[in-house]
Amino acid sequence: MDAIVDEGRLHDVLALCEKAGVAYADLRLVRTRTESLRSCNGRMSGLRSHEDMGLGLRVLCNGAWGFAGNPDLDWPKLKKTVERAVSMARASAQLRQGPVRLSPVEPVQDSWIGAMAKDPFAIPLGSKIELLLRCDEAMARFEKIRRREGYLSFRRQEKRFLSSTGQHLDQDCTWSGGLLTATAADGSRCQQRSYPSPFRGRLLQGGWECIENLHFEEHARRLGREATMLLDAPICPPGETTLVLGKSQLALQVHESCGHATELDRVFGAEANFAGSSFLEPDMRGRFRFGSPSVTLVADATTAGAAGSYGWDDEGVPARRHDLVREGLFVGYQSGRDTACRLGEPSSGNMRAAGWNDIPIVRMSNVHLLPGEATFDELIGGVDEGLLMTDNLSWSIDDRRLHFQFAAEMAWRIRRGKICEALRLPVYHGRTPEFWRSCDGVADGDSWEIWGTPNCGKGQPLQVMAVGHGVSYARFRKVAVGGDHDF
Amino acid sequence: MISEGHARRVLERALAHLRCDEAQAVMRGGKLAVTRFAENAISQNSIKKDYVLSLMVVRNGRVGQASSNRFDDASLKELVARAEELSDGQPPDLLRRPLPGPCPLPTTGSVQDPSVMALSPEEKAELLKEIVGRGRGAKLELAGAWSTGDACLALANSRGHFAYGAHTKALFSITCTAGDGASGWAEQFAQRRKDVDPLACYERAATKALLPLARASFRPRPATVLLEGAAVKSLLSGLARTAFGADALAQGRSCLCGRMGERVMSPLVDLVDDHGHESTPGLPFDFEGSPRQVVRLIEGGVVRSVLHDRQTAHGSDARSTGHAQPYGLGQGPLPVNLRLRAGATSYEDMLHRAGEAVLVTRFWYDNLIDRREASLTGMTRDGTFLLRDGELVARLPSLRYNVRLLDAFSQIEAVGDRLETFAGAGSIGAAMAVPALRIHAFPFTQTGD
């Protein structure tokens, strides 16, 4: 990073902030590199490489925040960035409640590098392309597959964080992910199957080894077969049933109904106009039964290889693991220095910005449902009549994170403890606390995996970030299920 | 904002470095200042700018694209090298269409209003102080965002084609929440500063939050709905994502498959993608440089046209309609400037003739369940009321809907006489203009009680 901007110059920026009367300032110098490959119906339809860098400066002046981002890093432009950020803060101070207060953080000078074994940018392009085209060929063997898609994405971010309170933190993260989707159509219906999950796939922190571990080619043919089979599969019948969720479906359930509900800025109304609030009020901590005793949810930014892991958040607060729901009891939030201070607590280290050009806001890091004690077979074996859903298709939840409706690409009927026929268009809905209280079993660590949501959106302007979720399988009783609008 | 001349110079410098058969350089970006407020105070105040230069290179039929936000000579040379390396690593794309040569472009509908960018954070704060003062007086808690910015898109290719478009944009949205949790919301979007009135937005939202109405429960059932513009926009956006692209139709993924020339909606529906209309101003070219046509998608409820890019047009013996999306996103052609034609019914008449109905301010978290069926789900938010004989009689909880969009648009009883413009998704210059609609038998399937 020294080659981009001399570190002395960055300290000059902070000095200029101090001279302008700023009480606190932090800056992020970020360089990002991405590469994505997309195949569609036998063609490489997108091969893109992107690099960008810039500086984001956040200041606290007259008790209010201001932020300015600039890609131009010469000194006159850096000075201009300071002027803009201070000007924004002073304008904010014209309409504030009390002054912003920050929970303390230790000044640390250190560095952190995320997990990576094989640099994905060093893998020959030909290898990546051949992988996608071989998978395409496997999916193409099925006549009714009308659209075959493959996607690989890689991202590296180098970040230098400096603050006026003495922090100097360098972080280097690499993410890799991908997906395959086969879409079958027969003139009246259209069904898709994806692996490992739809919507830009499963993103993990790591390198090419993440792609190797996905074993795409072993699944490509299955996707073509299942999408075709689903065209004629019976529709998921409506009713009340036992539901076993796993993989990306359970990961998204955790994300939407637990991850977002525990973001403290939402509780204080920061997202009232956009992403919404939360039904979890501060006085509910330690008292509100969020779920059954089988349910323990943690926020953990230290999980090796998870998409939302880091060394320090974008306020320089160290990554840590803390409980959100402990054996069903709601106990904690994800917070930043200013939101945590309002509760008289230290920050949980959950402030992040999508890029140098964005202001940090409270974001999920990784939110995990901890494994239980049952095996997957025991969970299924305990179902007389029910459904198994693993691959998410659709999701919708209200603005307080209470009432949700999710759909999966397909469901398998479970009958007397055995997985049997496939069903299309399975949809289920519920209310967050009742749903999680109906959880009577979570599978053990043998089936616990980390999933990555690469496209979590929040904030105005919108910031899209990657977050991680470790889940195994979980069983829920008496869940309202419908298909094709039969509710 | 980067001027047309400056953009042309940067793009030409980039193209000059290339050794290839074909190339396209695209620059896009702009500035954005956002003042965000919550709990009756400014919570975030940010200003940012960025421009990205993308170089798509074709060598021996092999395509690669590299992009960067740095435009100095050394960075341009590195960008060129990266793009060439990528294209060399690809197999030849035998189905690829060549880039267009110079061609006349329609007149742009986009507006550049200097007063948008001239609006300072201090001025925003002053007006917000006034608005919050009113809100406090009414015992309301206010949250929202006021963003002002500009955006430009410039494209040049190795065949000598050049296109440039730019516009300013202003967006104000506000949520007012009363002490009992009742809320109202309003939003305005325009390219001209004078067309966004934050005070008027506050009054609309506050009026809804303060309506002295008791809460009532609602048994989930199909009901007549009066959908305000934002709710209509949600439904139309669901259709826009899946229905009109020629690739989706060819692959059997669109609800309009096999229905060209058929009536699929109420005869009251006329839907057009029109970048030149004052309600949906946009850019006159797409990401391939093709001229953007005015496309009448639905006329009198009958499917008339689909959208093409150069690739889908070639496969259909058609012409590009100028709706290509950025290279490599896998989206196919998409609408950018949709307008649902206004009707003849005033809002007041729509209210008074509704009988018993549900008034919906906006929908939230809308998501497709089945793309082929165009079935969509979502919830109401920030102002859902029971309407009876022209009067709002109760405040309702949030309601979940599950609807097939073609059914909804077939059951339109009345179309409002006034268009509201909303920011479109994604593209520079994207906008959507819709009237209010009254629809019967709109299926609410769950309540937020």
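*Asks:* Which residues make up the overall build of chain A, and what values go with them?
*Replies:* When you go through chain A residue by residue, the secondary structure sums to ten helices and 25 strands. Its C-alpha atoms give chain A a radius of gyration of 24 Å, near enough to 23 Å, the size a compact globule of 487 residues would have. Projecting the C-alpha coordinates of chain A onto the three principal axes gives extents of approximately 70 × 55 × 35 Å. Once local pairs closer than 6 in sequence are excluded, the contacts in chain A between residues at least 24 apart make up 76%. Total accessible area computed for chain A in this model is approximately 16,200 Å², and 47% of it derives from carbon and sulfur atoms. Computed over 60 positive and 63 negative side-chain charges, the inter-centroid distance for chain A is 3 Å.

*Asks:* Requested: an account of the sheet that holds strand β12 (residues 329–330) of chain A, with residues and values cited.
*Replies:* All names here are of chain A. With respect to topology, four strands assemble into an open sheet ordered β12-β11-β10-β15, the strand pairing being antiparallel. Strands with a single pairing partner mark the edges of an open sheet, and in this sheet they are β12 and β15 (367–369). Bridging between strand β10 (residues 297–300) and strand β11 (residues 321–326) involves four bridges; their strand directions are antiparallel. Bridging across to β11, Val298 finds its partner in Asp323.

*Asks:* Describe the layout of surface pockets, and please don't skip the residues or the numbers.
*Replies:* Taken as a whole, the second largest pocket encloses approximately 1,000 Å³ of empty space. Those elements giving two or more residues to the lining of the second largest pocket turn out to be α7 (264–267) of chain A together with β4 (140–157), β5 (162–178) and β13 (375–388) of chain B. Partitioned by chemical class, the residues of the lining of the second largest pocket number twelve nonpolar, 15 polar and 15 charged.

*Asks:* Go over the pattern of salt bridges, please, and point to the residues and values.
*Replies:* Summed over the entire model, instances satisfying the criterion amount to 64 salt bridges over all chains. Between Arg134 of chain A and Glu217 of chain A there is a salt bridge, with its nearest N and O atoms 2.8 Å apart. With Arg134 of chain A in helix α3 (residues 125–139) and Glu217 of chain A in helix α5 (residues 216–231), the pair connects residues that are 83 residues apart, well separated along the chain. In this structure Arg134 of chain A comes out as partly exposed when scored by relative accessible area, which is 41%. In this structure, Arg381 of chain B and Asp399 of chain A form a salt bridge, with 3.7 Å as the shortest nitrogen-oxygen distance. Placement of the pair is Arg381 of chain B in strand β13 and Asp399 of chain A in the loop between β17 (392–397) and β18 (403–408), with the two residues belonging to separate chains. Like Arg381 of chain B, the residue Asp399 of chain A is buried in the burial classification. Connected via shared salt-bridge partners are Arg193, Arg222, Glu226, Asp391 and Glu409 of chain A.

*Asks:* Could you give me a rundown of the interface of chain A and chain B, with the residues and numbers involved?
*Replies:* At the junction of the two partners, chain A supplies 81 residues and chain B supplies 83 residues. Across the interface of chain A and chain B, roughly 7,000 Å² is buried in total on both sides, 48% from carbon and sulfur atoms. One can count eight salt bridges joining chain A with chain B. Residues Glu271 of chain A and Arg36 of chain B are paired through a salt bridge, measuring 2.8 Å at the closest nitrogen-oxygen approach. Counting across the chain A and chain B interface gives 51 residue pairs in polar contact (both at pLDDT 80 or more). Sorting elements by how many residues they give to the side of chain A that touches chain B places strand β2 (residues 43–61) of chain A first, with eleven residues. Each residue belonging to the side of chain A that touches chain B can be placed in one class, and the counts come to 33 nonpolar, 28 polar and 20 charged. For strand β3 (residues 64–70) of chain A and strand β2 (residues 41–59) of chain B, the ladder comprises three bridges, and the chain directions are parallel. From the neighbouring strand, Gly69 of chain A faces β2 of chain B, where its bridge partner is Lys48 of chain B.

*Asks:* Go over empty space enclosed by the protein, please, and point to the residues and values.
*Replies:* Across all of its chains, the model carries three cavities of 30 Å³ or more by this definition. Empty space within the largest cavity amounts to approximately 100 Å³. What lines the largest cavity is a set of 15 residues, and nearest its centre among them are Ile359, Gln460, Pro461 and Gln463 of chain A together with Ser46 of chain B. Contributing elements (two or more residues each) for the lining of the largest cavity: β1 (22–38) and β2 of chain B.

*Asks:* Quick rundown of the nonpolar core? Include the residues and the values.
*Replies:* The nonpolar side chains of a soluble globular protein tend to be buried with one another. Grouped together as the largest cluster of nonpolar side chains are 60 residues, with contacts concentrated most on Leu37, Leu152 and Phe216 of chain A together with Leu11, Met27, Leu53 and Leu55 of chain B. Of all the elements, α3 of chain A adds the most residues to this core, at seven residues. Once residues lying within four places of it in the same chain are set aside, the contact partners of Leu152 of chain A are Glu35, Ser36, Leu37, Lys128, Leu132, Gly177, Gly178, Trp208, Ile211 and Phe216 of chain A. Core analysis: the next-biggest nonpolar cluster, separate from the first, contains 55 residues, Leu227, Ala230, Ala246 and Leu338 of chain B among them.

*Asks:* Run through the packing of aromatic side chains, naming residues and quoting values.
*Replies:* The geometry of an aromatic ring pair is captured by the separation of the ring centres together with the interplanar angle, meaning the angle of the planes. Enumeration according to the criterion identifies 24 aromatic pairs over all chains in this entry. Judged by centre distance (6.1 Å) and plane angle (70 degrees), the rings of Phe279 of chain A and Phe288 of chain A are edge-to-face. In this pair, the class of Phe279 of chain A matches that of Phe288 of chain A, namely buried. Plain terms: the ring middles of Phe376 of chain A and Tyr473 of chain A are 4.4 Å apart, the flat faces sit at 50 degrees to each other, and that makes the pair tilted. Here the residue Phe376 of chain A occupies a position in helix α9 (residues 376–381), and Tyr473 of chain A occupies one in strand β25 (residues 473–482), the gap between them amounting to 97 residues. It is Arg381 of chain B that lies over the ring of Trp364 of chain B; its NZ or CZ is 4.5 Å from the centre.

*Asks:* Outline the side chain of Ser279 of chain B, listing residues and values.
*Replies:* Along the polypeptide, Ser279 of chain B turns up in the loop between β8 (271–273) and β9 (295–299). For Ser279 of chain B, the contacting residues outside a window of four places in its chain are Arg339, Leu419, Thr421 and Ala433 of chain B.

*Asks:* Outline the pairing of strand β23 (residues 449–458) of chain A, listing residues and values.
*Replies:* Residue and element names in this part refer to chain A. The element β23 is largely enclosed, with a buried count of seven among its ten residues. For β23 and strand β24 (residues 463–471), the ladder comprises eight bridges, and the chain directions are antiparallel. From the neighbouring strand, Cys456 faces β24, where its bridge partner is Met465. In sequence, β23 turns back onto β24 through a hairpin of four residues, with Gly459 there showing a positive phi of about 95 degrees.

*Asks:* Just give me the short version of the packing of helix α2 (residues 75–93) of chain A against helix α4 (residues 121–137) of chain B, but keep the residues and values in it.
*Replies:* The interhelical angle for the contact between α2 of chain A and α4 of chain B, taken along N-to-C directions, is 15 degrees, at an axis separation of 8 Å. The orientation of α2 of chain A with respect to α4 of chain B, classified from their angle, is roughly parallel. Judged by the sense of rotation from one axis to the other, the crossing of α2 of chain A with α4 of chain B is right-handed. Contact with α2 of chain A, carried on its side by Ser87, Met88 and Ala91 of chain A, involves Pro121, Glu122 and Ala125 of chain B of α4 of chain B and no other residues of that element. Of the residues in the contact of α2 of chain A with α4 of chain B, the class split is four nonpolar, one polar and one charged.

*Asks:* Account for α4 of chain B, naming residues and giving values.
*Replies:* An ideal rise of 1.5 Å per residue puts 24 Å on 17 residues; α4 of chain B measures up with 24 Å between its terminal C-alpha atoms. On the buried face of α4 of chain B, the contacting elements are α2 of chain A together with β1, β2, β4, β5 and α5 (198–210) of chain B. Taken from the residues just after α4 of chain B, Lys139 of chain B is the one with a positive phi, measuring 60 degrees.

Parameters and conventions
- Residues numbered from 1 in each chain as written.
- Chains lettered and ligands numbered in written order.
- Predicted model: local features only at pLDDT ≥ 70, side-chain atom pairs only at ≥ 80, totals over all residues.
- Heavy atoms only, no water.
- Helix = DSSP H or I, 4+ residues; strand = E, 2+ residues; numbered from the N terminus.
- Rg over C-alpha atoms; globule rule 2.2 N^0.38 Å.
- Contact = heavy atoms within 4.5 Å.
- Areas by Shrake-Rupley, 256 points an atom, 1.4 Å probe, with all protein chains shown as cover.
- Lys, Arg positive; Asp, Glu negative; His and termini not counted.
- Charge placed at Lys NZ, Arg CZ, Asp CG, Glu CD.
- Pairing = 2+ DSSP bridges.
- 1 Å grid on protein atoms, 1.4 Å probe; cavity = no way out; pocket = protein on both sides within 12 Å on 5 of 7 lines; lining within 4 Å.
- Points joined across faces, edges and corners; volume = space filled by probe spheres on them.
- Nonpolar A, V, L, I, M, F, W, Y, C, P; charged D, E, K, R; others polar.
- Salt bridge = Lys/Arg side-chain N within 4 Å of Asp/Glu carboxyl O.
- Buried < 20%, exposed > 50% of the residue type's maximum accessible area, 1.4 Å probe, protein only.
- Buried area = accessible area lost by both parts, 1.4 Å probe.
- Polar contact = N/O pair within 3.5 Å; in protein donor to acceptor, adjacent residues only side chain to side chain.
- Core = buried A, V, L, I, M, F, W, Y, C linked by side-chain atoms within 4.5 Å.
- Phe/Tyr/Trp six-rings, centres within 6.5 Å; stacked < 30°, edge-to-face > 60°.
- Lys NZ or Arg CZ within 6 Å of the ring centre and 35° of its normal.
- Axes fitted to C-alpha atoms, helices over the stretch in contact; angles between N-to-C directions.
- Parallel < 35°, antiparallel > 145°, perpendicular 65-115°, else oblique.
- Left-handed = near helix turned anticlockwise from the far one by under 90°.
- Expected span 1.5 Å × (residues − 1).

These figures come from the coordinates and say nothing about function on their own.
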